[in-house]
Amino acid sequence: MTITMYGITTCDTIRKARVWLESHDVPYRFHDYGAEGIEADRLNGWVGKVGWVKLLNKGSTTFRDLPEKDKEGLDEKKAQKLMLAKPTMIKRPVLEVGERVLVGFKAEIYAEAVK
(Lines give C-alpha, C1' and ligand atoms only; values in the text may rest on other atoms or scores of the structure.)
Protein backbone atom coordinates (compact mmCIF):
# COMPACT_ATOMS: atom_id res chain seq x y z
CA MET A 1 0.00 0.00 0.00
CA THR A 2 1.39 3.37 -1.03
CA ILE A 3 1.02 6.25 1.43
CA THR A 4 1.61 9.86 0.47
CA MET A 5 1.30 12.84 2.80
CA TYR A 6 0.58 16.25 1.29
CA GLY A 7 1.27 19.52 3.10
CA ILE A 8 3.94 22.07 3.89
CA THR A 9 7.00 21.47 6.03
CA THR A 10 6.38 24.41 8.37
CA CYS A 11 2.96 23.18 9.54
CA ASP A 12 2.81 21.94 13.15
CA THR A 13 0.09 19.40 12.33
CA ILE A 14 2.24 18.01 9.52
CA ARG A 15 5.11 17.63 11.98
CA LYS A 16 2.87 15.73 14.43
CA ALA A 17 1.55 13.45 11.70
CA ARG A 18 5.06 12.74 10.39
CA VAL A 19 6.30 11.92 13.88
CA TRP A 20 3.36 9.56 14.35
CA LEU A 21 3.97 7.75 11.04
CA GLU A 22 7.71 7.47 11.67
CA SER A 23 7.29 6.27 15.27
CA HIS A 24 4.93 3.55 13.98
CA ASP A 25 7.36 2.52 11.21
CA VAL A 26 4.89 3.46 8.49
CA PRO A 27 6.70 4.22 5.22
CA TYR A 28 5.33 7.23 3.35
CA ARG A 29 6.29 9.82 0.79
CA PHE A 30 5.97 13.52 1.60
CA HIS A 31 4.72 15.93 -1.06
CA ASP A 32 5.44 19.57 -0.20
CA TYR A 33 2.87 21.94 -1.69
CA GLY A 34 5.29 24.81 -1.33
CA ALA A 35 7.93 23.19 -3.51
CA GLU A 36 5.82 20.94 -5.75
CA GLY A 37 2.37 22.53 -5.94
CA ILE A 38 -0.67 20.35 -6.51
CA GLU A 39 -2.09 18.88 -9.71
CA ALA A 40 -5.62 19.83 -10.74
CA ASP A 41 -6.57 16.17 -11.33
CA ARG A 42 -5.43 15.14 -7.86
CA LEU A 43 -7.27 18.00 -6.17
CA ASN A 44 -10.38 17.18 -8.20
CA GLY A 45 -10.13 13.56 -7.03
CA TRP A 46 -9.90 14.64 -3.40
CA VAL A 47 -12.89 16.93 -3.82
CA GLY A 48 -14.82 14.00 -5.25
CA LYS A 49 -13.95 11.85 -2.22
CA VAL A 50 -14.13 14.26 0.73
CA GLY A 51 -15.70 17.46 -0.65
CA TRP A 52 -14.28 20.93 -1.18
CA VAL A 53 -15.67 22.25 2.12
CA LYS A 54 -13.56 19.77 4.07
CA LEU A 55 -10.45 20.56 2.02
CA LEU A 56 -10.58 24.36 2.03
CA ASN A 57 -8.86 25.73 5.13
CA LYS A 58 -10.77 28.95 5.79
CA GLY A 59 -8.72 29.45 8.94
CA SER A 60 -5.43 29.65 7.06
CA THR A 61 -3.57 32.93 6.88
CA THR A 62 -3.57 32.62 3.11
CA PHE A 63 -7.37 32.42 2.97
CA ARG A 64 -7.89 35.16 5.55
CA ASP A 65 -5.59 37.48 3.56
CA LEU A 66 -7.61 37.07 0.36
CA PRO A 67 -9.57 40.07 -0.88
CA GLU A 68 -13.22 39.87 0.20
CA LYS A 69 -14.35 39.52 -3.43
CA ASP A 70 -12.40 36.22 -3.66
CA LYS A 71 -14.15 34.86 -0.56
CA GLU A 72 -17.66 35.80 -1.68
CA GLY A 73 -19.87 33.27 -3.44
CA LEU A 74 -17.61 30.32 -2.75
CA ASP A 75 -18.62 27.19 -4.57
CA GLU A 76 -16.74 24.06 -5.62
CA LYS A 77 -15.31 25.56 -8.80
CA LYS A 78 -14.14 28.78 -7.15
CA ALA A 79 -12.71 26.94 -4.12
CA GLN A 80 -10.74 24.55 -6.34
CA LYS A 81 -9.36 27.46 -8.36
CA LEU A 82 -8.22 29.16 -5.13
CA MET A 83 -6.63 25.96 -3.75
CA LEU A 84 -4.77 25.34 -7.03
CA ALA A 85 -3.46 28.90 -7.08
CA LYS A 86 -2.47 28.83 -3.40
CA PRO A 87 -2.19 25.25 -2.11
CA THR A 88 -1.51 26.49 1.43
CA MET A 89 -5.30 26.95 1.59
CA ILE A 90 -5.72 23.15 1.57
CA LYS A 91 -6.21 21.70 5.05
CA ARG A 92 -3.24 19.73 6.28
CA PRO A 93 -2.24 17.06 6.13
CA VAL A 94 -3.95 15.24 3.32
CA LEU A 95 -2.97 11.58 3.52
CA GLU A 96 -3.53 9.22 0.63
CA VAL A 97 -3.64 5.65 1.86
CA GLY A 98 -4.19 3.59 -1.25
CA GLU A 99 -7.51 4.89 -2.61
CA ARG A 100 -8.53 6.44 0.72
CA VAL A 101 -8.11 10.18 1.44
CA LEU A 102 -7.76 11.45 5.02
CA VAL A 103 -7.82 15.16 5.85
CA GLY A 104 -6.25 16.38 9.08
CA PHE A 105 -4.45 14.34 11.71
CA LYS A 106 -5.97 12.12 14.37
CA ALA A 107 -3.78 9.31 15.66
CA GLU A 108 -6.68 6.87 16.04
CA ILE A 109 -7.80 7.40 12.44
CA TYR A 110 -4.24 6.99 11.16
CA ALA A 111 -3.85 3.79 13.20
CA GLU A 112 -6.99 2.30 11.67
CA ALA A 113 -6.09 3.42 8.12
CA VAL A 114 -2.52 2.05 8.04
CA LYS A 115 -3.06 -1.33 9.75
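Residues numbered from 1 in each chain as written. Predicted model: local features only at pLDDT ≥ 70, side-chain atom pairs only at ≥ 80, totals over all residues. Heavy atoms only, no water.

As for the pattern of salt bridges
Spelled out, the test is: Each salt bridge in this description consists of a side-chain nitrogen of Lys or Arg and a carboxyl oxygen of Asp or Glu lying within 4 Å of one another. By definition, any uninterrupted DSSP run of H or I lasting at least four residues is a helix, any uninterrupted run of E lasting at least two residues is a strand, and each is numbered from the N terminus. Categorising residues by exposure relies on relative accessible area from a 1.4 Å probe, with only protein chains included: less than 20% of the type maximum marks a residue as buried, more than 50% marks it as exposed, and the intermediate range marks it as partly exposed.
Going through the model one piece at a time under the given rule, you end up with eight salt bridges. Two residues, R15 and D12, come together in a salt bridge whose shortest N-O distance is 2.7 Å. Pair noted here: R15 and D12 are both in helix α1 (residues 12-23), with a separation of three residues, about one helical turn. You can call R15 partly exposed: its relative accessible area is 42%. For E96, the salt bridge is made with R42, and the minimal N-O distance between the two is 2.7 Å. Here R42 lies in helix α3 (residues 40-50) and E96 lies in strand β3 (residues 94-97), a separation of 54 residues in the sequence. Residue classification places R42 among the partly exposed residues on the basis of a relative accessible area of 29%. Taken together, the shared-partner salt bridges connect E39, R42 and E96 into one network.

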